[in-house]
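Summary of the model geometry
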Amino acid sequence: MQWTDRIRQVKWLLIGVAAVIAAVSLVVSHFLVLDLSREEQRNMEVWAEAMRSLNNADESTDLSLVLKVLNGNDNIPVVVLDSLGQVQEYRNLSVKGSTEEERLHAIERRARDMEQAGNIIRVDSWRVCFDESLMIQRLAWYPYVQLAVVLVFVIVALFAILSSKRAEQNRVWVGLSKETAHQLGTPISSLMAWVEVLKETYPDDQLIPEMDRDVKRLQRVAERFSKIGSLPELRLENMSQLLEGVVAYMGLRTSGKVHLQCHLPERPLMVQLSAPLFEWVVENLCKNAIDAMEGAGEIEVRAAEEETLFSVEVSDTGKGIPAKYFSAVFMPGFTTKRRGWGLGLSLAKRIVEQYHRGRIFVKNSELGKGTTFRIELRKSASSKGWNRHLTLFNM
């Protein structure tokens, strides 16, 4: 749990750093735009003064500097209106219109927008209306575009890193599982042979059949490990019978203070699944429930057929799980026990979601009262037809 908390803290720290960088970038860009806007304001004041000098000039006035100032504005949109609001001059405006009258109306509307924005300088009876240059407009949007590009890049990079990490985890799990199955194969074969010898030597011993069942259980465990990493073959199985077998097996091998109950519908539930792997999932949930109850309490296994799916719920009366860990419990390495690798629920999630195309999640949990895990398996065409046949047969 401490490991997952540390990972979560690092993620939030990175998000916080990214937010600070974004905020600083926007603030710096904002002040830069303000400085450029003030500079353009001063330039337009000089341009307006040049217009006043041009209007008041006589034949002896040297207009070379005035004309240079007026012609030097090649980027700031500007419209000069007379006292009646008619357009006298305009620069750096792109207007649309098929006729001169339409273009003048468009320029007048643009000038009114400039006035409403407060971008106006009065020169005698004339009004000089101006707008931000295209450079400032682009600069104002640039940080947002830049942040969007960076965000897309970060998302793609995180997706690639997570995919690579997930693939690496899968390779580790597959290698570990197959090596475990390989290592278990030889001693299990030897135990099976010794059980057969004991059967012949002590045919009336009542403990030998129990030993035989445990050895076969070990064989099934090795089979489960060997199936990790390869796509299992899903068959139409009686899930009700499978769940009854798991509850019976766990009941014989747990403390007498643990009471296991199985609630199943009257008719069998025929589901497409891999029996060895699905048994593993339910057993893992039951074992976790026993650990959560510290060896004393009640476990209920419920199964039902709903409209579009089959559901299995495993409830216990243990110590419960905090709501913030509902998703984290399925992460590799997450565990609340002093001992354990934290791979059980992670493998259960892999089996249910990747192999059976289902869903497993924490339905509800209360601290000190217990937890309920829920498994949902979608109905396939074959299972629908088989269960419909059973319904008609029972009628």
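Right, let's walk through the structure included here. (Residues numbered from 1 in each chain as written. Predicted model: local features only at pLDDT ≥ 70, side-chain atom pairs only at ≥ 80, totals over all residues. Heavy atoms only, no water.)

Focus: empty space enclosed by the protein
The following threshold applies: The pocket and cavity definitions rest on a 1 Å grid over protein atoms only: a 1.4 Å probe that fits but cannot leave marks a cavity, an open set with protein on both sides within 12 Å along at least five of seven lines marks a pocket, and residues lining either have an atom within 4 Å of a point. Grid points are joined across faces, edges and corners, and a volume is the space filled by probe spheres set on the points. A run of H or I in DSSP becomes a helix once it reaches four residues, and a run of E becomes a strand once it reaches two; helices and strands are each numbered from the N terminus.
Counted by the stated rule, this structure contains 1 cavity of 30 Å³ or more. Taken as a whole, the largest cavity spans an internal volume of roughly 40 Å³. At the level of elements, helix 7 (275-293) and helix 8 (344-355) are the ones that each hand at least two residues to the lining of the largest cavity. Sorting elements by how many residues they give to the lining of the largest cavity places helix 8 first, with 4 residues.

Some points on the pattern of salt bridges
For clarity, the cut-off: Salt bridges are defined by distance alone: a side-chain nitrogen of Lys or Arg within 4 Å of a carboxyl oxygen of Asp or Glu. Each residue is assigned to one of three classes by its accessible area relative to the maximum for its type, calculated with a 1.4 Å probe on protein chains only: buried under 20%, partly exposed between the two thresholds, exposed over 50%.
Going through the model one piece at a time under the given rule, you end up with 18 salt bridges. The salt bridge involving Arg38 is made with Asp35; its shortest N-O contact spans 3.0 Å. In this pair, Arg38 and Asp35 both sit in helix 1 (residues 2-55), 3 residues apart, roughly one turn of the helix. Taking the relative accessible area as the measure of exposure, Arg38 reaches 45% and is therefore partly exposed. On the accessibility criterion, Asp35 (43% relative accessible area) is partly exposed. Two residues, Asp131 and Arg110, come together in a salt bridge whose shortest N-O distance is 3.3 Å. You can see Asp131 sitting in the loop between strand 4 (126-130) and helix 4 (134-201) and its partner Arg110 sitting in helix 3 (residues 100-116), a full 21 residues away along the chain. Three or more residues are tied together by salt bridges with common partners; here these are Glu306, Glu313, Arg359, Lys363, Arg374 and Glu376.

Let's talk about helix 6 (residues 239-252)
Inclusion rule: Multiply 1.5 Å by the residue count of a helix minus one, and that product is the helix's expected span. By the criterion applied in these results, polar contacts are pairs of N or O atoms within 3.5 Å in which, for protein atoms, one can donate a hydrogen and the other can accept it, and in which residues neighboring in sequence qualify only through two side-chain atoms.
Between its first and last C-alpha atoms helix 6 spans 20 Å; for 14 residues at 1.5 Å apiece the expected length is 20 Å, and the two agree. Within helix 6, the full set of buried residues consists of Met239, Ser240, Leu242, Leu243, Val246, Val247, Tyr249 and Met250. If you check the start of helix 6, you find a side-chain oxygen 3.1 Å away from the backbone N of Ser240, and it comes from Asn238.

Some details on the packing of helix 7 against helix 8
Threshold: For every element, the axis is a line fit to its C-alpha atoms; helices are fit only across the contacting stretch, and the angle between N-to-C directions ranges from 0 to 180 degrees. Take the far helix as the reference: if the near one is turned anticlockwise from it by less than a right angle, the crossing is left-handed, and if turned clockwise, right-handed. Contact between two residues is taken to exist if any of their heavy atoms lie within 4.5 Å; hydrogens are not considered. Residues are grouped as follows: Ala, Val, Leu, Ile, Met, Phe, Trp, Tyr, Cys and Pro are nonpolar; Asp, Glu, Lys and Arg are charged; all remaining types, including Gly, are polar.
Across the interface, helix 7 lies against helix 8 with an axial gap of 10 Å and an inter-helix angle of 145°. The interaxial crossing formed by helix 7 with helix 8 has left-handed handedness. Side by side, helix 7 and helix 8 meet where Leu277, Trp280, Val281, Asn284, Leu285 and Asn288 of the first sit next to Gly344, Leu345, Leu347, Ala348, Ile351, Val352 and Tyr355 of the second. Split into classes, the residues belonging to the contact of helix 7 with helix 8 amount to 10 nonpolar, 3 polar and no charged.

Observations regarding the packing of aromatic side chains
Our working rule: Classification of ring pairs rests on two measures: the distance between centres of Phe, Tyr or Trp rings, Trp counted by its six-membered ring, which must be within 6.5 Å, and the angle between planes, read as stacked under 30 degrees, edge-to-face over 60 and tilted in between. Throughout this description, the term charge over a ring refers to an Arg CZ or Lys NZ atom that lies within 6 Å of the ring centre and within 35 degrees of the ring normal.
Tallied over the entire structure, the rule returns 2 aromatic pairs. Consider the rings of Phe330 and Phe373, whose centres lie 6.1 Å apart with planes at 90°: the pair is edge-to-face. With Phe330 in the loop between strand 9 (309-316) and helix 8 and Phe373 in strand 11 (residues 370-378), this pair connects stretches of sequence that are 43 residues apart. Note on Phe373: relative accessible area 8%, which makes it buried. The ring of Phe361 carries the charged tip of Arg359 above its face, separated from the ring centre by 4.1 Å. Its end group placed over the ring of Phe310, Lys379 keeps NZ or CZ at 5.5 Å from the ring centre.

Some remarks on the sheet that holds strand 3 (residues 120-123)
Heads up, the rule is: At least two bridges found by DSSP between two strands is the condition for calling them paired.
An order of 2-1-4-3 is seen for the 4 strands of this open sheet, with the pairing classed as antiparallel. The sheet is open, and its two borders are formed by strand 2 (87-91) and strand 3, each paired with just one other strand. Ignoring strand direction, the axes of neighbouring strands in this sheet form an average angle of 15°. Looking at chain direction, strand 1 (residues 78-81) and strand 4 are connected through 4 bridges and run antiparallel. Bridging across to strand 4, Val79 finds its partner in Cys129.

A closer look at the sheet that holds strand 8 (residues 297-305)
One open sheet holds the 5 strands; their spatial order is 6-8-9-11-10, and the pairing between them is mixed. Single-partner strands in this sheet number two, and they are strand 6 (258-263) and strand 10 (359-366). Sheet twist, expressed as the average angle between the axes of neighbouring strands with direction ignored, equals 15°. Helix-sheet contacts for helix 7 involve strand 6, strand 8, strand 9, strand 10 and strand 11, and the interaxial angle to strand 8 is about 150°. Running over the sheet, helix 8 touches strand 10 and strand 11 and is turned about 135° from strand 10.

Describing a nonpolar patch on the surface
Heads up, the rule is: Patch membership is restricted to residues that have no salt bridge and whose relative accessible area is over 30%. Joining uses 9 Å for like charges and 5 Å for the nonpolar side chains Val, Leu, Ile, Met, Phe, Trp and Tyr. Accessible surface area values rest on a Shrake-Rupley calculation with a 1.4 Å probe, where residue burial reflects the displayed protein chains alone.
On the surface, a cluster of nonpolar side chains totalling about 490 Å² of accessible area is made up of Val150, Phe153, Val154, Leu158 and Ile161. Along the polypeptide, Val150 turns up in helix 4. Residue class for Val150 comes out partly exposed when judged on its relative accessible area of 44%.

Some details on the state of the cysteines
The cut-off we apply is this: Working definition: a disulfide is two cysteine sulfur atoms within 2.5 Å of each other.
Taken as a whole and judged by the stated rule, the model has 0 disulfides. Among the cysteines around Cys262, which has no disulfide bond, Cys286 carries the closest sulfur, lying 9.0 Å off.

Notes on helix 8
End to end, helix 8 covers 16 Å across 12 residues, agreeing with the expected 16 Å (1.5 Å per residue, within 8%). Within helix 8 the residues assigned to the buried category are Leu345, Ser346, Leu347, Ala348, Arg350, Ile351, Val352 and Tyr355.

Brief notes about the nonpolar core
Within soluble globular proteins, side chains that are nonpolar tend to cluster in buried spots. This is how the line gets drawn: Among buried residues, the Ala, Val, Leu, Ile, Met, Phe, Trp, Tyr and Cys ones that are joined through side-chain atoms within 4.5 Å form a nonpolar core.
By size, the foremost hydrophobic cluster in this structure holds 47 residues, and its most contacted members are Met239, Leu243, Phe278 and Ile375. Excluding residues that lie within four positions of it along the chain, Ile375 makes contacts with Phe278, Val281, Leu285, Phe310, Ser311, Val312, Val352, Arg359 and Ile360. Ranked by size, the runner-up nonpolar core spans 13 residues in total, among them Ala48, Met51, Ile76 and Ile121.

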